[in-house]
Structure formats: structure tokens, C-alpha cells
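Below, each chain spelled out in residue letters.
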Amino acid sequence: MKLLVYGAGVLGSLFAARMHEAGHDVSLLARGERLAALRRHGVQLAEENSPAVRRVPVPVVEHPAGRYDLIAVLVRTHQVDAVLESLAGTEGDVAFLHNWAAGAEPLGAVIGPERVLLGFPAAGGTMDGDVVRYRATNVMTRRVAMPIGEPDGRTTPRLERIVETFRTAGINAKAEPKMDAWLRTHAAFEVPLGQAVHAAGGPAALADDPDAVRGMLRLMRQNLDAMATPPVPRGFAALQTLPERLLVVVLRRFLRSPTAAHSGLNNASPATTAELERMAEQIRA
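Residues numbered from 1 in each chain as written. Predicted model: local features only at pLDDT ≥ 70, side-chain atom pairs only at ≥ 80, totals over all residues. Heavy atoms only, no water.

**Q** Got a minute to help me understand empty space enclosed by the protein in this structure?
**A** One way to see where empty space is left: roll a probe the size of a water molecule over the atoms. Summed over the entire model, instances satisfying the criterion amount to one cavity of 30 Å³ or more. When its volume is computed, the largest cavity comes out at roughly 60 Å³. Lining the largest cavity are Leu3, Leu4, Val5, Phe15, Met19, Val26, Leu70, Ile71, Ala72 and Phe166. Only β1 (2-6), α1 (10-21) and β6 (67-73) provide two or more residues apiece to the lining of the largest cavity. (1 Å grid on protein atoms, 1.4 Å probe; cavity = no way out; pocket = protein on both sides within 12 Å on 5 of 7 lines; lining within 4 Å. Points joined across faces, edges and corners; volume = space filled by probe spheres on them. Helix = DSSP H or I, 4+ residues; strand = E, 2+ residues; numbered from the N terminus.)

Laid out in C-alpha cells, this is it:
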């Protein structure tokens, strides 16, 4: 398959590197200083705080061009409109792998509905200069597969082919028949979490404030209760049904964990704020 990874942040860089190392014909799209750094050094990867950095010489491009078997879009929610404009002149399937609660319709309206797949990357990390410090796998993260789905919920040959392609690169992907509901559920959880973390000054600081965690949980419950469909995955229903006191304890433990520390929650950048605002707009809509 000829692949284009659109977006050279933490996840795009990590996915492109893994695809390249697996022998796939993959290019990574980047702009500005990030493009220059990738041309000089390739994708630089390190596991969490490890001093060992490895360089992966992934081919990089500044603009999409021609036909691809798959374009994997890994950008922030508020950047999608600009991406759609540049993809309108390309050919090939497009998997949008990011926070998105607005459904497939606005995506397909620009590039063609037949090209659109939805998904979400089950990985995390932070940027340390030009080095991607990715989250190490553990018992919890190994159980979480990256969901990808057709907008109409069918399991199609192209979906099976794309899932298998990711798996050959060591990316634990799976077909998800309720991808739209999955993304809406995740947004209902992610927006209160992100807003509370940034207001507190980081996940560990939020964990030290049980009242703030309690307020965050109540907003999550309000969002989930307002959904037209049950939560997907079903495990998120626990946020609606388990006792508040127990959930506060569990959430505070998560916020202190290495998983939270290396998930990007510590990134209080303007881009993070803009993404949360766009996701909140989609939830309200």
C-alpha cells in the first residue's frame, strides 16, 4: 500500500515510523520547522524518559499529491478544516484518526463520503524538542486497541485491509462497527478531563484536588446522559452507574499514573486549548 500520514506531531510521527520500519511505502506530511527537522534527522523516537533516541528515516513531503491507497490523518480537531481543503485534490481512502464528535458528514461533504473512515489512535506521548517521547505499553494500554470503522458500521474489505496493514506495523487495530458513537463517547469524557487538567495545571495537580475531580466527573456524566445512544465502549457506562466516591478515587489514581503523565495531558499549549474548544462545540451541536 502507498500510504500518507498527514500530521507530524507525536502520533503521526510515531505511526509513520512504525509503518516505515514494517516496510510500507509511507510518507509523512509536515510543514515549517517540523519539516526541516525531519529532513535533517528523520523521526526521532524515545520511550518516555529514556535517554536512548532512535532515528527512523521516514520520507517527508510538504504537500499531498496524486493517489494514495490510504491517507491517515492525525491532526488536532480544530485543524481538520484546513486538511480537508488540501485533500480535496487527492485520491484514495482517508482515515481520520483523531478527536471528532461531528460525524462523517462534514468530512465527506468536502472530499467525498465514499472516501471517509473514522478512527482513534490508541497511543500517546509528548514532544521533547524534535524527539517524540511515546508512552510505554503496559497491562492497561495493551488491552486498548485502535478502533477504525466505516461511517455506516459495515465491515468492508477495505476496512479489513486497513486494519491488517496497521497490525503488520505492530499497531493494535480493530474494526469498530459503532465508530461514530465511540468518538462521541470519547469526546464526552475527554473534554471535561482536558479542561479540568489544564485548569489545575496538570494531571497530578488535578489529582490533588478531589473537589475538582468530582466536578469533572459530574460534567462527564452530563455529557454521557445527553447522548442519543448508549456509550461505546460499554465500559464507559460505569461513569454513569458506579458510586461517585468510588469513581473519584479511580480517576485520581489514573491522574497520578505514568499513563496520564505521558499521554499529552501535560501539554498546556494553545493548540490543546483550541482543540478542546472545538470538541466542546461539537458536543453542544
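After that view of the structure, there is still more to cover.
**Q** Whenever I open this one, helix α6 (residues 157-168) confuses me. Can you help?
**A** Along an α-helix, residues three or four apart share an orientation, since each turn contains 3.6 residues. Under the 1.5 Å per step criterion, the end-to-end length of α6 is 17 Å for twelve residues, consistent within 8% with the ideal 16 Å. Those residues of α6 that sit buried are Arg158, Leu159, Ile162, Val163, Thr165 and Phe166. One side of α6 holds all its buried residues, which, seen down the axis, span an arc of 155°. The first or second residue beyond α6 is glycine 170, which carries a positive phi of 80°. (Expected span 1.5 Å × (residues − 1). Buried < 20%, exposed > 50% of the residue type's maximum accessible area, 1.4 Å probe, protein only. Arc of directions from axis to C-beta.)

**Q** Is there a simple way to explain a nonpolar patch on the surface in this structure?
**A** Taken together, the side chains of Leu242, Leu246 and Val250 define a hydrophobic patch exposed on the protein surface, amounting to about 230 Å² of accessible area. By secondary structure assignment, the location of leucine 242 is in the loop between α10 (238-241) and α11 (244-255). Note on leucine 242: relative accessible area 34%, which makes it partly exposed. (Patch = residues over 30% accessible without salt bridge, like charges linked within 9 Å, V, L, I, M, F, W, Y side chains within 5 Å. Areas by Shrake-Rupley, 256 points an atom, 1.4 Å probe, with all protein chains shown as cover. Salt bridge = Lys/Arg side-chain N within 4 Å of Asp/Glu carboxyl O.)

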